[in-house]
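Secondary and tertiary structure notes
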Amino acid sequence: MVHRGGMVIVSNRAPVTFSRSESGERTYSRGAGGLVTALNAVSRRAEGALWIASAASEEDVRVAREPGVCEIEDLRIVLVEHDPSAYDLMYNHLANPLLWFVQHGLYDLPYAPELGGETLRAWEEGYLPTNRNFARATAEALSGLESPVVLLHDYHLYMVPELLREEVGEEPLISFFVHIPWPEPGLWRVLPSYIREGVLRSLLRSDIVAFHTRRYARNFMASAAELLGAEVDPRGGAVRWGGREVWVRSYPISIDPAEFEEAAESPEVLREEEYVRNLPGALLVRVDRADLSKNVVRGFRAYGRMLELHPEMRGRVTFLAQVQPSRGDIPEYAAYAEAIRRSAGEVNEAFGTPSWRPVELSMQDNFPRSVAAYKNYDALLVNAVRDGMNLVAKEAAVVNRKDGVLILSENAGAHEELKDNALSVNPFDLDDQAAAIHRALTMPAAERARRARALREAVLSNTIEDWVAAQMHDMAARRKAFS
Ligand code: G6P
């Protein structure tokens, strides 16, 4: 077992956001989202672990300025204050539009952000300084710890391994988990070499680089070989570079089933179920952030195509789309949110009647309604262009009560584990998705039941606890192998 007290978790998103109530008291809300929920499990398991993250709200900044560690429930948190314009360049100009777009294969599209001009500035004045802040805060947290372990998470922090090694040398064990897809080397060539090579060189200062799927791990090793000339052992999962050996592993992230079962029976969810159950006909559901990678617009078009090809389905199905606002300060995201509204409206206009609205679109963060929808869907659409894992597919499969059918993009990380009992779709092909929606909604009951049961079992056989345990095991093995 890894030395418990010596663990430091670092991510851009914090597990809680602080605010001030009207009476002037400090309050907080726990952060939502798959990554933060998963890291909560890591933090709980590694008792005494410290979690370093960016200060996001005004009150967070006040917390960041207070000395020492902030203890909230079972968490120990250190918030890092960034210069606001550096943070804006990192989050809104470099990490989300550029790295996120490239890694999700969203480049060559009319709405992709332009490269050049501001890119170098965003890298030098945004990405590097914020990463340096994380590295310094981590170095500080490590001082005095024995056998320290640093768990770095996701694409906002790619330069931290290198900057941290500059501060503290080779002693801490660094594991870097990339939660989004790692595409084939050719896609990385979209980025200027100072970014793509800088990112690879830095990641290779870690001891373990981890992904959700074997495909991403393979792509990472191919990128290190092709773009840096590193020596790679794809079978053994190792990259040798700069006199060091880095292990490359895949650990499919999962959920805490008990947490979702409990949420499913909460009064808020039971209340929302009244709304969900009153929608006419069979229920097609999607739950996503308003993100281009989630492919929401094509999902509506595919549904429209299905209604066009199968007029007998009109009036007999409702598509409930729970789409949460996300990254709204980035122009491409704001435009996409509009495109989502427009395309839902187009389907309603083309097929709706006075008594039937084909699409019910809600663009708010409404967790109880999402869980109510998970419980009641007949078909769930997860048609991401690419997705690191997609936890919606797993959360929903565990609490669904209707033998609902999962329609799953072959480019979602979850496809590696769930493909045998989902209906696989090509996220670019409208006909393929329309056919899958129709098949899901007309599938015989016995087949639905068999698939739903198998999906649930697949999720229960690899929970968030297993995800954490597998990483802890490999970190201990790595420490032993190189000590
Ligand atoms: C994805 C990323 C996470 C990120 C989350 C929410 O799951 O892998 O790193 O935290 O999206 O995005 P946000 O930009 O709101 O943190």
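Please read these numbers as outputs of a predicted model, since none were measured by experiment.

1. Focus on the site of the ligand
The local shell around the ligand consists of Arg 13, Leu 35, Tyr 91, Asp 154, His 156, His 179, Ile 180, Arg 289 and Arg 327. In this structure, an oxygen atom belonging to the ligand sits 2.5 Å away from a side-chain N or O atom of Asp 154. Contact distances for the ligand include 2.9 Å between an oxygen atom and a side-chain N or O atom of Arg 327. Look at the ligand: alone it shows 370 Å² of surface, and the protein chains cover 81% of it. Looking at the shell around the ligand, its residues break down into three nonpolar, two polar and four charged.

2. Description of the packing of helix 9 (residues 257-264) against helix 13 (residues 367-376)
To describe two helices that pack against each other, one gives the angle between their axes and the distance between the axes. The contact between helix 9 and helix 13 brings their axes to 10 Å, and the two run at 100 degrees. Relative to helix 13, the element helix 9 lies roughly perpendicular. Contacts between helix 9 and helix 13 involve Phe 260, Ala 263 and Ala 264 from the former and Phe 367, Val 371, Tyr 374 and Lys 375 from the latter. Per-class residue counts for the contact of helix 9 with helix 13 are six nonpolar, no polar and one charged.

3. Focus: helix 9
Every buried residue belonging to helix 9 is among Pro 257, Phe 260, Ala 263 and Ala 264, and all of these are buried. End-on, the buried residues of helix 9 take up no more than an arc of 125 degrees, which puts them together on one face. Residues of helix 9 that are buried sit in contact with helix 10 (267-277), helix 13, helix 14 (391-399) and helix 17 (445-460).

4. Concerning the confidence of the model for the protein chain
For the protein chain, mean pLDDT is 95; residues scoring 70 or higher make up 98% of the total. Reported confidences for the modelled complex are a pTM of 0.96 and an ipTM of 0.99.

5. Looking at the environment of Ser 293
Within the fold, Ser 293 resides in the loop between strand 13 (282-289) and helix 11 (296-309). Here Ser 293 falls in the buried class, since its relative accessible area comes to 1%. Expressed as a C-alpha distance, the spacing of Ser 293 and Val 385, which sit 92 residues apart in the sequence, is 5.3 Å. Excluding residues within four positions of it along the chain, Ser 293 makes contact with Trp 100, His 104, Leu 106, Ala 384, Val 385 and Arg 386.

6. Quick word on helix 5 (residues 160-168)
Buried within helix 5 are the following residues: Val 160, Pro 161, Leu 163, Leu 164 and Arg 165. Among the structural elements, helix 4 (118-142), strand 7 (149-153), strand 8 (173-177), helix 7 (193-203) and strand 12 (244-250) are those in contact with the buried residues of helix 5. Of the residues trailing helix 5, Gly 169 is marked for its positive phi of about 75 degrees.

7. Focus on the pattern of salt bridges
Enumeration according to the criterion identifies 42 salt bridges in this entry. Put simply, Glu 184 and Arg 386 hold a salt bridge, and the shortest N to O gap is 3.1 Å. Placement of Glu 184 in the loop between strand 8 and helix 6 (185-188) and of Arg 386 in the loop between strand 16 (379-382) and helix 14 is noted, with a sequence separation of 202 residues between them. We classify Arg 386 as buried; its relative accessible area is 16%. Residues Arg 439 and Glu 447 are paired through a salt bridge, measuring 3.3 Å at the closest nitrogen-oxygen approach. Classification of Arg 439 as partly exposed rests on a relative accessible area of 42%. Within the structure, one salt-bridge network assembled from shared partners comprises Glu 261, Glu 265, Glu 273, Arg 277, Lys 375, Arg 401 and Arg 456.

Reading the values: rules and limits
- Residues numbered from 1 in each chain as written.
- Predicted model: local features only at pLDDT ≥ 70, side-chain atom pairs only at ≥ 80, totals over all residues.
- Heavy atoms only, no water.
- Near = heavy atom within 4 Å.
- Polar contact = N/O pair within 3.5 Å; in protein donor to acceptor, adjacent residues only side chain to side chain.
- Areas by Shrake-Rupley, 256 points an atom, 1.4 Å probe, with all protein chains shown as cover.
- Nonpolar A, V, L, I, M, F, W, Y, C, P; charged D, E, K, R; others polar.
- Axes fitted to C-alpha atoms, helices over the stretch in contact; angles between N-to-C directions.
- Helix = DSSP H or I, 4+ residues; strand = E, 2+ residues; numbered from the N terminus.
- Parallel < 35°, antiparallel > 145°, perpendicular 65-115°, else oblique.
- Contact = heavy atoms within 4.5 Å.
- Buried < 20%, exposed > 50% of the residue type's maximum accessible area, 1.4 Å probe, protein only.
- Arc of directions from axis to C-beta.
- pLDDT = per-residue confidence, 0-100.
- Salt bridge = Lys/Arg side-chain N within 4 Å of Asp/Glu carboxyl O.

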